[in-house]
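# Geometric and topological summary
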Amino acid sequence: MADVLVVGVGVAGSYLGARLAAGLDVEGLEHQDLERYRSVCAWATSLDGMRPFMRRVGVDLDDYVLAEADGVQVEAGGRVHLVPTSGLVTFDKPALIRRLAREFRVRYPVRVREAPPGARLVVDATGVQRAVVGRARPGSDLVLPAYQLRVRYREPPIEGFYVRPFPNYSGYLWYFPLGRGEFFVGAGDLRRRHLRYLSEFLDSRRPDEVLERGGRPIRISPPGILEPIYRGRVVAIGEAAGSVLPILGEGILPSIMSAEVLADAIERSGPDALDPGRYARDLSRRFSIFRAAYRFVRRKQEGTCRLRRPSCALDALRLALFFSSRWGRSVTGVAPGLEHVRLALGPI
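Description of the structure in this document. Fair warning: this is a prediction, and the values are worked out from it, not measured in the lab.

According to the stated counting rule, one finds 29 salt bridges in the structure shown. Linking D282 and R268 is a salt bridge whose minimum nitrogen-to-oxygen distance equals 3.5 Å. Within this pair, whereas D282 is found in helix α6 (residues 276-286), its partner R268 is found in helix α5 (residues 252-269), the two being separated by 14 residues in sequence. Three or more residues joined by partner-sharing salt bridges are found here, namely R19, R56, E260, D264 and E267.

Here it is, written out as structure tokens:
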């Protein structure tokens, strides 16, 4: 049996497998056929943030880029604001996953519902399903229902990247280019109004062709809120561990980052001696700013965030510093000015 068994060969699982394959026997189990792999997400990430991780596994991410943003249009407060970007791109996510999966042994299609016996360490990289590590503790998990279409326009109604947050941060609509006149158009909303918002958007901007469609929930509970992150000799990475930035819904780069935290821990101790509790604490520390974002977003959704309240003001300050920092730009791919940070932290 493998040293490390990775259940779920999406972006987090494929990266972890490729990252560990040089020194360990790694096996992946994936329920989709990788040749026809579908990934229901907007395929947007920070090129600058992803490049160092991809170099570690011998991959040039630039080969997979579909479109690069020259600012993102954010419709909020009754007008459209152009927020500067720093390496925000869409990329061919399924092709990248197939490339990473070539570095280790992968069996598919295989559906796993419990931890297979025999592996020295089992990694749950099954995303929102948490198929192996199991259900989250009641009250620790929060997911947004979401739906997305891949469409084609002969004459695109909007040039470039566009986002519209919904009132009280309950969700947002996105419109991201993929090149050749193709776009991902989708929406997610905690109050389940996403299909209405999406229909209204598409009714006024009818695509010439709908290429595919699908829906899945997006987890926004980060490490340190979402529990448990491990169960016995099973540890979670990626969205299964809550590695999604709540205020933006970006999970690609954070999922890679979570896989890197686990890879470092395995390299230090080996699969047998890995301390899952220490890994969970390391992950929680790595994503502490995500918890501030989660608390801020939840208070906005509940209408309880007042900047006069010390706790809310402190989280808002931490987020302002994060978005204004070099690390924040590398994680998010956006480079907002002070006025855009005020917009993000103000009422919507």
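What follows covers the packing of aromatic side chains. As enumerated under the stated definition, the model contains 14 aromatic pairs in all. Between the aromatic rings of W43 and F184, the centroid separation amounts to 4.9 Å while the plane-to-plane angle is 90°, which identifies the pairing as edge-to-face. Of this pair, W43 sits in the loop between β2 (26-29) and β3 (44-46) while F184 sits in strand β14 (residues 182-189), and the two are 141 residues apart along the sequence. You can call W43 buried: its relative accessible area is 6%. Exposure remark for F184: the relative accessible area of 1% places this residue in the buried category.

Here we come to the environment of V123. As for its placement among the helices and strands, V123 is situated in strand β9 (residues 121-124). Sequence separation between V123 and L173 is 50 residues; the distance between their C-alpha atoms is 32 Å. If we ignore the near neighbours within four places in the chain, the residues touching V123 are V4, L5, V6, V7, L16, V235, I237 and L262.

Looking now at the packing of α5 against α6. Each pair of packed helices can be summarised by the angle the axes make with each other and by the distance between the axes. Look at α5 against α6: their axes get within 10 Å of each other, and the N-to-C directions meet at 140°. Where α5 crosses over α6, the handedness of that crossing is right-handed. Counting all contacts with α5, which are made through M257, S258, V261, L262 and R268, the residues of α6 involved are R278, Y279, D282, L283 and R286. Grouping the constituent residues of the contact of α5 with α6 by class yields five nonpolar, one polar and four charged.

So, how was this worked out
- Residues numbered from 1 in each chain as written.
- Predicted model: local features only at pLDDT ≥ 70, side-chain atom pairs only at ≥ 80, totals over all residues.
- Heavy atoms only, no water.
- Salt bridge = Lys/Arg side-chain N within 4 Å of Asp/Glu carboxyl O.
- Helix = DSSP H or I, 4+ residues; strand = E, 2+ residues; numbered from the N terminus.
- Phe/Tyr/Trp six-rings, centres within 6.5 Å; stacked < 30°, edge-to-face > 60°.
- Buried < 20%, exposed > 50% of the residue type's maximum accessible area, 1.4 Å probe, protein only.
- Contact = heavy atoms within 4.5 Å.
- Axes fitted to C-alpha atoms, helices over the stretch in contact; angles between N-to-C directions.
- Left-handed = near helix turned anticlockwise from the far one by under 90°.
- Nonpolar A, V, L, I, M, F, W, Y, C, P; charged D, E, K, R; others polar.

So, to be careful, I would describe these as geometric facts and stop short of saying anything about function.
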